[in-house]
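# Coordinate inspection notes
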Amino acid sequence: ATYGPCRNIPILMYHHVADKPGWLYVKKETFSQQMGYLATKGYTPVTLLEIVENLQTGKPLPPKPIVLTFDDGYRDFYENTYPILKVFNFKATAFVITQHVEGANYVSWDQLREMVGSDLITVGNHTLSHPSLSILTEERLKDEIISAKNIIEGNLGISVNIFSYPYGGANGEAEKILKENGFVAAVTSQRGLSCAKLPYELPRIRIGNASLSDYGL
């Protein structure tokens with residue numbers, strides 16, 4: 001009653017897709033198998049905007065909607081993840097750290113333009129430099145969010161209205177800035193329900209090297 005309507009819509013959180021060790025990495029073969037599992041089970045990847053519109057206005061979603069999100073904007077998103085998404089014609093969202101774009105092991109603006117042009121990839125804001133938002137002054141917080149939004153929009157010619165919190169924790173002051181600057185949704189790294197009145201606290205499921213059935217899908 002307070003936050004609803006609410007729905008259990010899976011929003012998956014990835015970082016790297018590459019054949020390297022580490023808890024942030026999902027192997028390429030495993031990721032391909034995970035996408036095949038979603039296709040076989042009848043899931044339809046959608047955008048965060050579509051989720052929020054459904055919750056707030058009742059705009060219909062396809063059966064078994066799911067959201068695929070990837071944080072930080074690593075180069076392996078372009079080299080490994082994007083080709084697999086194209087095979088399945090799956091939509092996904094890449095949250096980029098703007099000061100890292102063009103850096104070693106990160107995507108370039110040209111790569112982002114190519115992916116945005118495919119209509120499969122939505123680019124979201126993951127701040128300028130990935131700080132912990134809770135320790136920032138209001139001025140620095142605005143800079144991290146608003147400047148990053150302006151940089152992405154200027155380089156890609158798109159409207160940026162979705163956000164991912166660095167380190168996954170929602171922040172009340174950040175939510176206020178997001179609302180005042182045209183953002184419609186933000187994702188955390190906490191599990192839970194997606195609710196109409198909490199568009200800046202959308203939960204996600206952290207995915208690793210396991211079958212998606214292990215995550216309740």
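In this report, we go over the structure that sits alongside the text.

Analysis parameters
Residues numbered from 1 in each chain as written. Predicted model: local features only at pLDDT ≥ 70, side-chain atom pairs only at ≥ 80, totals over all residues. Heavy atoms only, no water. Disulfide = S-S within 2.5 Å. Helix = DSSP H or I, 4+ residues; strand = E, 2+ residues; numbered from the N terminus. 1 Å grid on protein atoms, 1.4 Å probe; cavity = no way out; pocket = protein on both sides within 12 Å on 5 of 7 lines; lining within 4 Å. Points joined across faces, edges and corners; volume = space filled by probe spheres on them. Nonpolar A, V, L, I, M, F, W, Y, C, P; charged D, E, K, R; others polar. Phe/Tyr/Trp six-rings, centres within 6.5 Å; stacked < 30°, edge-to-face > 60°. Buried < 20%, exposed > 50% of the residue type's maximum accessible area, 1.4 Å probe, protein only. Pairing = 2+ DSSP bridges. Salt bridge = Lys/Arg side-chain N within 4 Å of Asp/Glu carboxyl O. Axes fitted to C-alpha atoms, helices over the stretch in contact; angles between N-to-C directions. Parallel < 35°, antiparallel > 145°, perpendicular 65-115°, else oblique. Left-handed = near helix turned anticlockwise from the far one by under 90°. Contact = heavy atoms within 4.5 Å.

Moving on to the state of the cysteines. Simply put, disulfide is the name for a covalent bond between the sulfur atoms of two cysteines. Taken as a whole, this structure holds one disulfide when the rule is applied. Between Cys6 and Cys195 runs a disulfide, and the two sulfur atoms are separated by 2.1 Å. With the S-S bond torsion at 110°, the cross-link from Cys6 to Cys195 turns out right-handed. Highlighted residues: Cys6 in strand E1 (residues 6-7) and Cys195 in strand E11 (residues 194-195), separated in sequence by 189 residues.

So, on to empty space enclosed by the protein. Empty space among the atoms becomes apparent when a probe as large as a water molecule is rolled across them. One pass over the full model with this rule turns up one cavity of 30 Å³ or more. As a volume, the largest cavity reaches approximately 30 Å³. Along the walls of the largest cavity sit His15, Phe70, Asp71, Gly73, Tyr74, Phe77 and Ala94, which together make up its complete lining. Along the lines of polarity and charge, the residues of the lining of the largest cavity split into four nonpolar, two polar and one charged.

Turning our eyes to something else, we now look at the layout of surface pockets. Taken as a whole, the largest pocket encloses approximately 280 Å³ of empty space. Taken together, 16 residues make up the lining of the largest pocket; nearest its centre are Thr47, Ile121, Thr122, Val123 and Ser159. Sorting elements by how many residues they give to the lining of the largest pocket places strand E8 (residues 121-125) first, with three residues. Residue composition of the lining of the largest pocket, grouped by class: nine nonpolar, five polar and two charged. Empty space within the second largest pocket amounts to approximately 190 Å³. Along the walls of the second largest pocket sit 15 residues, with His15, Trp23, His130, Tyr167 and Arg206 positioned nearest its centre. Grouping the amino acids of the lining of the second largest pocket by side-chain chemistry returns six nonpolar, five polar and four charged.

Each aromatic ring pair is described using two quantities: the centre-to-centre distance and the angle formed by the ring planes. For the structure shown, the criterion picks out nine aromatic pairs. Connected via pairs of aromatic rings, a cluster forms that spans Tyr14, Phe31, Phe70 and Phe77.

Further remarks concern the pairing of strand E6 (residues 65-72). The side chains of a regular strand alternate between the sheet's two faces. Where burial is concerned, most of E6 is hidden: eight out of the eight residues are buried. Looking at chain direction, strand E2 (residues 11-14) and E6 are connected through four bridges and run parallel. Looking across to E6, one finds that Tyr14 is bridged to Phe70. Two strands pair when backbone bridges link them, and E6 and strand E7 (residues 92-96) are joined in this way by four bridges, in the parallel orientation. Bridging across to E7, Thr69 finds its partner in Thr93.

This next bit is on the pattern of salt bridges. In total, this model carries eight salt bridges according to the counting rule given. Note that Arg140 and Glu144 form a salt bridge whose closest N and O atoms lie 3.0 Å from each other. Taken together, the positions of Arg140 and Glu144, both in helix H5 (residues 138-156) and four residues apart, correspond to about one turn of that helix.

Their axes nearest at 10 Å, the elements helix H3 (residues 75-88) and helix H4 (residues 109-117) cross at an angle of 20°. Compared by their axis directions, H3 and H4 come out roughly parallel. Helix-helix and strand crossings are classified by hand; for H3 and H4 the assignment is left-handed. On H4, the residues that touch Phe77, Tyr78 and Tyr82 of H3 are Gln111, Glu114 and Met115. Classifying every residue of the contact of H3 with H4 gives four nonpolar, one polar and one charged.

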